[in-house]
2 protein chains.
Amino acid sequence: MRSEKNVSPKLLVVLLFLPAITVSAVAQADPWPLMPMPAHLQQGAGQFIVNSSFTLGFEGYREPRLDSAAARFLQRLSRQTGIPLPTAPSDSHAKFVIRCRQASAKIQEVGEDESYRLEITPSDVKLEAPNPLGIIHGLHTFLQLVQIGPQGFAAPSLIIEDRPRFPWRGLLIDVARHFQPMETLKRNLDAMEAVKLNVLHWHLSEDQGFRVESKSLPKLQERSSDGLYYTQAEVKELIEYARDRGIRIVPEFDMPGHTTSWFAAYPEIASLPGPYQIERKWGIFDPAMDPTQDRTYELVDKFIREMAKLFPDAYFHIGGDEVNGKQWDANPKIQEFMRSHGLKSNEELQAYFSRHLQEIVRKHGKIMVGWDEILDPALPKEAVIQSWRGQDSLADAARRGYRGILSNGYYLDLMYSAASHYLTDPLAAGAATLAPEEKARILGGEACMWSELVTPENIDGRIWPRAAAVAERLWSPAELRDLDSMYARLHAVDDNLQWVGVLDRSNRALMLQRLTGSADIKPLQVLLEVLEPVKRYTRTGTGNYNSSTP
Amino acid sequence: MRSEKNVSPKLLVVLLFLPAITVSAVAQADPWPLMPMPAHLQQGAGQFIVNSSFTLGFEGYREPRLDSAAARFLQRLSRQTGIPLPTAPSDSHAKFVIRCRQASAKIQEVGEDESYRLEITPSDVKLEAPNPLGIIHGLHTFLQLVQIGPQGFAAPSLIIEDRPRFPWRGLLIDVARHFQPMETLKRNLDAMEAVKLNVLHWHLSEDQGFRVESKSLPKLQERSSDGLYYTQAEVKELIEYARDRGIRIVPEFDMPGHTTSWFAAYPEIASLPGPYQIERKWGIFDPAMDPTQDRTYELVDKFIREMAKLFPDAYFHIGGDEVNGKQWDANPKIQEFMRSHGLKSNEELQAYFSRHLQEIVRKHGKIMVGWDEILDPALPKEAVIQSWRGQDSLADAARRGYRGILSNGYYLDLMYSAASHYLTDPLAAGAATLAPEEKARILGGEACMWSELVTPENIDGRIWPRAAAVAERLWSPAELRDLDSMYARLHAVDDNLQWVGVLDRSNRALMLQRLTGSADIKPLQVLLEVLEPVKRYTRTGTGNYNSSTP
């Protein structure tokens, strides 16, 4: 795989005379150890050696977030190379100079400029960006480029001019089916930063658990979390941690279905009396909020008021998926309400709920995001549709004026190959025929780590390195579709992610050791390499797993 | 190595009819996956299967520390086996019953009863101890016994009656030459707990740095730590963490030599004017406190007053080693003082200092510990001598009425084999001829991790698994000296330590990956297996290393 990297001197000469090499040509001739691939990359001659005389300095705008990014960069570079480096930026004549023009938005926004320019020559490195977001991205491009070779650690001479294709590049982590501790989330945020993902979609409530501390409705965490929830101090800490890494956090509280954990605390807002207990197994359950009662909206309003303050992001995800309507059918008062209000189907009843919810979300200063099911002619155009159904559904929404995010094709829990995720493009299939202004409404996509079958031990191996292929699809030019190049670079980026602290490889080795006891794990590793994982919902469908099993 | 484990059925029958098998016989016939080996072990028939119906309960005395130990035990057992287990003790009919008789001392004492009795039958497990210390030890014996086999995870039927041979079983970690972050110390405390070590000797000051926050003398951390020090809140947190694991923390502040970091902050207590800067390299440096001035004792008194409150342990280590006397020789006022006080040598001057220091330590309610050099006829008998010189020096102190701890032979930084540490016995050589009451003064020993050549990345691999061999020497019966058995069990305990969270293996793999880049590390691993590390002070002697290099 890596032998392609040795470009012949003759070819190199030819390449040097080209004004700029297009990405796809480079990617095929030479798998750079980069993921996502930059928008523009022009190869130079020679390389920049990283040794103990390496120094980093700032010119122009400076802020604490940049200092923190620089300190983390120096620490990472030192860890990756084993070379002791200064722990803080130097004042002058640095070999690696960061030039940032101005501050980014106080609260990170969708569509902020994330571009950067990285110029590496044998004598020095210059990294420029309009704001700290681009600087953060450029630092990680450099870290990926540093590789060991005959002269020690070095990065090749080149000029990169880079910017993302889509502004919304997310990873959903479901912490409801299996709770994930803070340190698990932090190391995954570190990895997201390394591959330029910029949204953590934090799926915080489900039939199986309520995972955030509410001060206004404390029974939510008291009765519905088994003690496994994030305190508000932890939420703030994680938001700050993410912001430092150029990552927004969008919380999701799924309504009106997937809400058994709400009802175990507040049964009065359910469509049938209960009593309720949080679910331990998987599936689409019947309980749904009662959209016909004022007290439902009052309680939800109280909750969203509190959460809208806790989470600074402009977007607020209310779920909205997979309501089977059985509780609505079974409640005569709800049936009567539907008749008297001219609601002809459960879909119309859910649309009624969504419109009310949207008003609440808007009242508290947020823009509502929801899954495909919230789409309804009366829904204001500012709402954003996240599609688990696919590009056709997304295109339909875009034609009607809504912005959208693709997740269909990016479900990491279904155990499909990196190639299948990589070849899924938000602007393909039904979206390919959209007009340019409609295409612009497709904000990007999100890889989804639903957690029915993941624990803190195996979640890194489920997310990484495959989420890096999704990150490239959402960042890099659409033409980049070469699978050999992608897999070569995926391997390189996974090498790099070990230094970031991702535990995919080390935990896999431990899990194999668990099975072999004191025997060598090598034969089992070989067996594993020729096996394919069971795909789709086959394992969850067995009913053998619950919220305490992996 | 592990094939010896299959005892033939015939032999098993014979063994079953023996009333109790002596440890050494068992160890040679069957390398149990235990380290340290218990004092008494009687094998039973069959095994106790660990499956998802495992429950743990309490009878008798209960306290928060026991609950915390039980919760950590359940988590560890679950991690080690991959079997989901309840996260809290159950109320009745548990399969694993803990029976603790009473509380241990509020502040853990030297010589407290650490015994326990563990009885494993195919149907249940009973763990009994006089106090929580024994319970903590017994839980870890059980965890080591759980191994995978044809019936899944199981522990063999047996009865263990166990108690330590020595009451002081320590690990010294030098955090001055290379600072070690809290998480490094915590995972090493976890590992110490697993092998029943009960003292962390925290070497906190050196020529190269002062590593603890002082509120009364804040220049110590401000000028002499490069910002690498523990806050008092962190110190308290670590003491609590250690106490939860049955481990005392003894701080060491080395005086009157190894004190350049004091002088970079407070040059007025040095024997020559200065100015001083913390050292970056290694060796025995000239600076020493001026033992002839009142202000030296006033400042030290102020500092010890503060630290005696911060560290609850009864013992307080003042170092006292390796004063070369050059600064004393070079200061005419000190020479004049010696003449006028009848002090004939630098040794006598140091003894003068030690006596004053001992009074200060005692005044603040602590018992002084120091290295061999503090021994002097005028030193009160309550002082404890830690010997880097060896058993003869220790025996000499014991004959004169002092208690002692052996560290000679246990220096992990010198890269000797586990076998060499294992065969070093505190009561051998000069100590073998001591009378019983003199032998009783030998409290135990401490493995020493001097940190000239260790960083947070490689320190686990330097300490583990070799420190486990020292732990066995200090806990298990003296007769246990079979190296084949020790090495087989050392391998097993290192397997087990991976579940504890020790990073010796995973960091080694990462460090090899750093060297090979994207190539397979296997060939390098094979090479490494046939190489011996450079021993003694050969590497430090090159002068190529400093406090920022590994």
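Note that this is a predicted model, so its numbers are computed, not measured.

K.L.:
Go over the overall build of chain A, please, and point to the residues and values.
P.N.:
In terms of regular secondary structure, chain A is built from 21 helices and 16 strands. Its C-alpha radius of gyration of 25 Å places chain A within 12% of the 24 Å reference for a compact globule of 550 residues. Along the three orthogonal principal directions, the C-alpha set of chain A runs to about 80 × 55 × 45 Å. Expressed as a percentage of its 550 residues, the buried residues of chain A come to 59%.

K.L.:
Which residues make up the interface of chain A and chain B, and what values go with them?
P.N.:
At the junction of the two partners, chain A supplies 25 residues and chain B supplies 25 residues. Summing both partners gives a buried area of about 1900 Å² for chain A against chain B, and 61% of it is carried by carbon and sulfur. Counting across the interface, chain A meets chain B through zero salt bridges. Along the contact surface separating chain A from chain B lie four residue pairs in polar contact (both at pLDDT 80 or more). Where the side of chain A that touches chain B is concerned, the elements lending two or more residues are helix 3 (64-81), helix 18 (483-500) and helix 19 (504-516) of chain A. Top contributing element to the side of chain A that touches chain B by residue count: helix 19 of chain A, with seven residues. Residue composition of the side of chain A that touches chain B, grouped by class: eight nonpolar, twelve polar and five charged.

K.L.:
So what's going on with helix 3 of chain A? Which residues, and what values?
P.N.:
All names here are of chain A. With 18 residues, helix 3 extends 26 Å between its outermost C-alpha atoms, agreeing within 8% with the 26 Å of an ideal straight helix rising 1.5 Å per residue. Restricting attention to buried positions, one finds in helix 3 the residues Arg65, Leu66, Ala69, Ala70, Arg72, Phe73, Leu74, Arg76, Leu77, Ser78, Gln80 and Thr81. Positioned one or two residues after helix 3, Gly82 has a phi angle of 75 degrees, which is positive.

K.L.:
I'd like a rundown of the environment of Asp244 of chain B, residues and numbers included.
P.N.:
In this structure, Asp244 of chain B sits in helix 7 (residues 232-244). When the C-alpha positions of Asp244 of chain B and Ile136 of chain B are compared, they lie 8.9 Å apart, and in sequence the two are 108 residues distant.

K.L.:
Could you give me a rundown of the environment of Trp282 of chain A, with the residues and numbers involved?
P.N.:
All names here are of chain A. With respect to the helices, strands and loops of the structure, Trp282 is situated in the loop between helix 8 (260-265) and helix 9 (294-310). Once you skip the residues sitting within four places of it in the chain, Trp282 turns out to touch Arg177, His178, Gln208, Glu452, Thr540, Tyr545, Asn546 and Ser547. Polar side-chain contacts of Trp282 include one of 3.3 Å to the backbone oxygen of Tyr545.

K.L.:
Explain the environment of Arg76 of chain B to me, using residue names and the numbers behind them.
P.N.:
All names here are of chain B. Topologically, Arg76 is positioned in helix 3 (residues 64-81). Arg76 gets classed as buried once you look at its relative accessible area, which sits at 10%. Separated by 250 residues in sequence, Arg76 and Lys326 have C-alpha atoms that sit 53 Å apart. Not counting the four nearest positions on each side in its chain, Arg76 is found in contact with His140, Leu143, Asn496, Trp499 and Val500.

K.L.:
Break down the relation of the copies chain A and chain B for me, citing the residues and quoting the values.
P.N.:
For the pair chain A and chain B, the best superposition has an RMSD of 0.0 Å and corresponds to a rotation of 180 degrees with a translation of 0.0 Å parallel to the axis. Accordingly, the operation relating the two chain copies is best matched by a two-fold axis. Taking C-alpha positions as reference, the residue of chain A nearest the rotation axis is Ser506 of chain A, located at 3.1 Å. Of the residues that chain A buries at the interface, 100% are likewise interface residues in chain B, meaning the two copies contact each other through the same surface.

K.L.:
Hey, could you go over the pattern of salt bridges for me, with residue numbers and the actual values?
P.N.:
Throughout the structure, instances matching the rule amount to 58 salt bridges over all chains. A salt bridge links Asp67 of chain B to Arg62 of chain B; its shortest N-O distance comes to 2.9 Å. Note on Asp67 of chain B: relative accessible area 29%, which makes it partly exposed. The exposure class of Arg62 of chain B is partly exposed, given its relative accessible area of 41%. Overlapping salt bridges, with partners in common, bring together Arg72, Asp190, Glu193 and Arg245 of chain A in one network.

K.L.:
An account of the packing of aromatic side chains is needed here, citing residue identities and associated values.
P.N.:
To describe a pair of aromatic rings, one takes the distance between the centres and the angle between the planes. Residues and elements named next belong to chain B. A complete count under the given rule lists 48 aromatic pairs over all chains for this structure. Measuring from ring centre to ring centre gives 4.7 Å for Phe179 and Tyr230, while their planes differ by 35 degrees; the resulting arrangement is tilted. Of this pair, Phe179 sits in the loop between strand 8 (168-174) and helix 5 (182-194) while Tyr230 is found in the loop between helix 6 (219-224) and helix 7, placing the two residues 51 residues apart along the sequence. With respect to burial, Phe179 and Tyr230 carry one shared label: buried.

K.L.:
Can you lay out a nonpolar patch on the surface for me, pointing to particular residues and giving the numbers?
P.N.:
On the surface, Leu527, Leu528, Val530 and Leu531 of chain A cluster together to form a nonpolar patch covering roughly 380 Å² of accessible area. Mapped onto the fold, Leu527 of chain A is located in helix 20 (residues 522-530).

K.L.:
Go over the side chain of Glu457 of chain A with me, naming the residues and quoting the values.
P.N.:
Following the sequence through the fold, Glu457 of chain A ends up in the loop between strand 16 (442-449) and helix 16 (459-463). There is a polar contact of 2.7 Å between the side chain of Glu457 of chain A and the side chain of Arg514 of chain A. For Glu457 of chain A, the residues in contact, after removing those within four places along its chain, are Asn507, Met511 and Arg514 of chain A together with Arg79 and Trp499 of chain B.

K.L.:
Please give an account of the packing of helix 7 of chain B against helix 9 (residues 294-310) of chain B that cites residues and values.
P.N.:
Two quantities define a packed helix pair, namely the angle between the axes and the distance from one axis to the other. Residues and elements named next belong to chain B. Helix 9 packs onto helix 7 with a crossing angle of 40 degrees between their chain directions and a minimal axis gap of 11 Å. Here helix 7 lies oblique to helix 9, going by the angle between them. Contacts from Gln232, Val235, Lys236 and Ile239 in helix 7 reach Glu306, Met307 and Leu310 in helix 9. When grouped by side-chain class, the residues that make up the contact of helix 7 with helix 9 number four nonpolar, one polar and two charged.

K.L.:
So what's going on with the confidence of the model for chain A? Which residues, and what values?
P.N.:
All names here are of chain A. Here chain A averages 92 in pLDDT, and 95% of its residues register 70 or above. Low pLDDT (under 50) marks residues 1-29, which in the prediction has 40 contacts with non-local residues, meaning those over four places away or in another chain. For this predicted complex, the interface score ipTM comes out at 0.82, while the overall pTM is 0.88.

K.L.:
Hey, could you go over the pairing of strand 13 (residues 367-371) of chain A for me, with residue numbers and the actual values?
P.N.:
Residues and elements named next belong to chain A. Most of strand 13 is tucked away: four of the five residues are buried. Across three bridges, strand 12 (residues 315-319) lies against strand 13 in parallel orientation. In the strand pairing of strand 13, Tyr315 is matched with Ile367. Two elements, strand 13 and strand 14 (residues 384-387), share three bridges in a ladder whose sense is parallel. Following the sheet pairing, Val369 is matched in strand 14 by Val384.

K.L.:
Tell me what's going on with the pairing of strand 3 (residues 96-100) of chain A, and back it up with residues and numbers.
P.N.:
Residue and element names in this part refer to chain A. For strand 3, the tally of buried residues reaches four of five residues, placing the bulk of the element in the interior. Two strands pair when backbone bridges link them, and strand 2 (residues 56-60) and strand 3 are joined in this way by five bridges, in the parallel orientation. Note that in strand 3 the partner of Gly60 across the bridge is Cys100. The β-α-β motif built from strand 2, the intervening helix 3 and the parallel element strand 3 has left-handed crossover chirality.

K.L.:
Explain unusual backbone geometry to me, using residue names and the numbers behind them.
P.N.:
Both trends apply: most residues other than glycine have a negative phi, and most peptide bonds are in trans. Residue Pro256 of chain A follows Met255 of chain A across a cis peptide bond; omega there is -5 degrees. Despite not being glycine, His258 of chain B shows a phi value in the positive range, around 55 degrees. Relative to the elements of secondary structure, His258 of chain B occurs in the loop between strand 11 (248-255) and helix 8 (260-265). Judged by its relative accessible area of 4%, His258 of chain B falls in the buried class. Not every positive phi belongs to a glycine, and Met415 of chain B is a case in point at roughly 65 degrees. Looking at the element boundaries, Met415 of chain B is found in the loop between strand 15 (403-406) and helix 14 (418-422).

K.L.:
Can you tell me about helix 12 (residues 346-363) of chain A, naming the residues and giving the values?
P.N.:
Residue and element names in this part refer to chain A. In this model, helix 12 (18 residues) spans 26 Å end to end at C-alpha, consistent with the 26 Å of a helix rising 1.5 Å per residue. The inward-facing, buried residues of helix 12 contact strand 11 (248-255), helix 9, strand 12, helix 10 (326-330), helix 11 (332-341) and strand 13. Gly365 occupies a position one or two residues after helix 12 and carries a positive phi of about 85 degrees.

Here is what the cut-offs are and how they apply
- Residues numbered from 1 in each chain as written.
- Chains lettered and ligands numbered in written order.
- Predicted model: local features only at pLDDT ≥ 70, side-chain atom pairs only at ≥ 80, totals over all residues.
- Heavy atoms only, no water.
- Helix = DSSP H or I, 4+ residues; strand = E, 2+ residues; numbered from the N terminus.
- Rg over C-alpha atoms; globule rule 2.2 N^0.38 Å.
- Buried < 20%, exposed > 50% of the residue type's maximum accessible area, 1.4 Å probe, protein only.
- Contact = heavy atoms within 4.5 Å.
- Buried area = accessible area lost by both parts, 1.4 Å probe.
- Salt bridge = Lys/Arg side-chain N within 4 Å of Asp/Glu carboxyl O.
- Polar contact = N/O pair within 3.5 Å; in protein donor to acceptor, adjacent residues only side chain to side chain.
- Nonpolar A, V, L, I, M, F, W, Y, C, P; charged D, E, K, R; others polar.
- Expected span 1.5 Å × (residues − 1).
- Least-squares fit on C-alpha atoms with pLDDT ≥ 70 in both.
- Phe/Tyr/Trp six-rings, centres within 6.5 Å; stacked < 30°, edge-to-face > 60°.
- Patch = residues over 30% accessible without salt bridge, like charges linked within 9 Å, V, L, I, M, F, W, Y side chains within 5 Å.
- Areas by Shrake-Rupley, 256 points an atom, 1.4 Å probe, with all protein chains shown as cover.
- Axes fitted to C-alpha atoms, helices over the stretch in contact; angles between N-to-C directions.
- Parallel < 35°, antiparallel > 145°, perpendicular 65-115°, else oblique.
- pLDDT = per-residue confidence, 0-100.
- Pairing = 2+ DSSP bridges.
- Right-handed = clockwise from strand over helix to strand, strands pointing away.

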